[in-house]
Amino acid sequence: MSAQEFRHVPAAPSAGGIVLPAFRAQHAPRPGRVRVRFTSSGDAASGLPAIVVLGGVSADADVSGWWRAQAGPGLAVDSRRFRVIGMDFITGRGIEGAGCAHITTADQADVLAATLNALHVRRVHALIGASYGAMVALGFAARYPERLARLVVISGAHYAHPRAIALRSIQRRIIRLAREAGRCEEGVALARALALTAYREHAAFARFDGAPRRFEDGFGFPVEDYLEHKGNSHAARVGADDYLQLSESLDLHDVDPSGITTPATLIASDPDFLVPLTQMQELAERLRGPARLHVLRSPYGHDAFLKEDAKISSLLRDALDTECFA
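Description of the structure in this document. (Residues numbered from 1 in each chain as written. Predicted model: local features only at pLDDT ≥ 70, side-chain atom pairs only at ≥ 80, totals over all residues. Heavy atoms only, no water.)

1. Overview of the overall build of the chain
- Each helix and strand in the chain was counted, giving 11 helices and 11 strands.
- Taking 20 Å as the expected radius of gyration for a compact globule of 326 residues, we find that the chain reaches 20 Å, a close match to that expectation.
- For the chain, the spread of C-alpha atoms along the principal axes amounts to about 65 × 45 × 35 Å.
- Taken over 326 residues, the chain has a buried fraction of 52%.
- Long-range pairs, those at least 24 residues apart, make up 74% of the contacts in the chain with a sequence separation of at least 6.
- For the chain, the accessible surface area stands at approximately 14500 Å², while carbon and sulfur atoms represent 52% of it.
- Across the chain, the mean location of the 37 positive side-chain charges is 4 Å away from that of the 36 negative side-chain charges. (Helix = DSSP H or I, 4+ residues; strand = E, 2+ residues; numbered from the N terminus. Rg over C-alpha atoms; globule rule 2.2 N^0.38 Å. Buried < 20%, exposed > 50% of the residue type's maximum accessible area, 1.4 Å probe, protein only. Contact = heavy atoms within 4.5 Å. Areas by Shrake-Rupley, 256 points an atom, 1.4 Å probe, with all protein chains shown as cover. Lys, Arg positive; Asp, Glu negative; His and termini not counted. Charge placed at Lys NZ, Arg CZ, Asp CG, Glu CD.)

This is the structure:
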């Protein structure tokens with residue numbers, strides 16, 4: 001289904017979300033029914049300009065929850081000045097009757113367009129995307145250029161870097177092996193633990209430089225406790241199928257920047273294991289519209305947008321308040 005065709009697909013509103021009765025994902029054998037949850041800090045009657053905020057694969061529609069340092073009254077994404085909209089990402093498992101659906105960032109962009117239709121938002125003041133959300137934002141800008149005034153892309157590029165694909169392919173293999181053994185949740189926990197090792201840089205792990213503990217069968221190290229806790233917490237919230245599908249969606253991502261004309265603010269973290277600075281520089285050079293690239297030097301690597309609160313806030317305020325640049 002093309003973006004032009006999708007503009008006319010009906011969306012049935014429901015409490016806290018919309019229902020798309022015949023949504024067809026790019027790689028699905030047939031259309032299916034999907035329910036999409038969203039949040040909005042106001043309604044069309046408020047007259048406030050709308051801002052959409054999309055986070056990483058573990059984020060959800062509750063923007064002020066996962067990004068509480070940036071979204072809320074008086075913050076950079078100010079809910080007193082803007083109508084702040086968030087959306088859950090869909091997975092193929094959530095599309096009823098579609099068969100084996102493999103979700104792409106273009107699919108997520110189409111779902112966002114339908115969500116905006118249901119909210120009676122024709123055009124947004126800004127679309128802010130971080131990590132996976134940045135990929136979806138780029139896909140939306142390519143497919144629906146008339147629906148946004150500006151784009152803020154944080155730690156996400158126009159294609160998945162092969163090194164990042166290599167890491168995620170190992171994660172998927174871990175989960176599939178665990179599923180064969182009937183240990184899905186443990187597989188997700190291990191995959192997430194492996195992912196965390198790439199989100200931050202060496203300096204951020206220095207706090208775990210403690211003495212190992214001796215056990216009967218070997219030694220345990222402080223950093224293992226952190227990874228185990230984070231992995232188990234994630235596995236309690238995210239199922240194996242959803243993890244696999246969103247991981248694969250990251251690696252299927254591919255957008256041609258030369259087709260994007262929306263003024264864009266790009267924010268890169270350096271170093272970033274998953275989205276290296278050279279990739280963000282390439283994106284800035286290839287965008288057809290005006291673009292500004294800001295580089296954050298941070299030990300938090302790919303997670304800098306969740307940790308460097310003051311720096312991110314300053315950049316967001318500038319991106320949202322400055323007139324679209326030439």
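That covers the picture; the talk isn't over yet.
2. Observations concerning helix 9 (residues 277–286)
- Within helix 9 the residues assigned to the buried category are Leu277, Gln279, Met280, Leu283 and Ala284. Along the axis of helix 9, the buried residues cluster in a sector spanning 160°; they form a single face. Summarising the geometry of helix 9, the exposed residues directed more than 90 degrees from the buried face are Thr278 and Glu285.
- The elements touched by buried residues of helix 9 are helix 4 (132–143), strand 7 (151–154), strand 10 (264–270) and strand 11 (291–297). (Arc of directions from axis to C-beta.)

3. Some points on helix 6 (residues 184–199)
- Over its 16 residues, helix 6 runs 23 Å from end to end, which matches the ideal 22 Å to within 8%, given 1.5 Å per residue.
- Among the residues of helix 6, Gly187, Val188, Ala189, Ala191, Arg192, Ala193, Ala195, Leu196, Ala198 and Tyr199 are the ones counted as buried.
- Residues of helix 6 that are buried make contact with helix 5 (162–180), helix 7 (222–237) and helix 8 (240–252). (Expected span 1.5 Å × (residues − 1).)

4. Topic: the pattern of salt bridges
- Evaluation of the coordinates by the stated rule reveals 17 salt bridges.
- Across the salt bridge formed by Asp256 and Arg286, the nearest N and O atoms sit 3.4 Å from each other. Of this pair, Asp256 sits in the loop between helix 8 and strand 10 while Arg286 sits in helix 9, and the two are 30 residues apart along the sequence.
- Here Arg286 falls in the partly exposed class, since its relative accessible area comes to 37%.
- Of the charged contacts in the structure, one is a salt bridge between Arg286 and Glu282, with a shortest N-O distance of 3.4 Å. Within this pair, Arg286 and its partner Glu282 are both found in helix 9, separated by 4 residues, close to a single helical turn.
- Connected through shared salt-bridge partners, Arg37, Asp62 and Asp88 make up one network. (Salt bridge = Lys/Arg side-chain N within 4 Å of Asp/Glu carboxyl O.)

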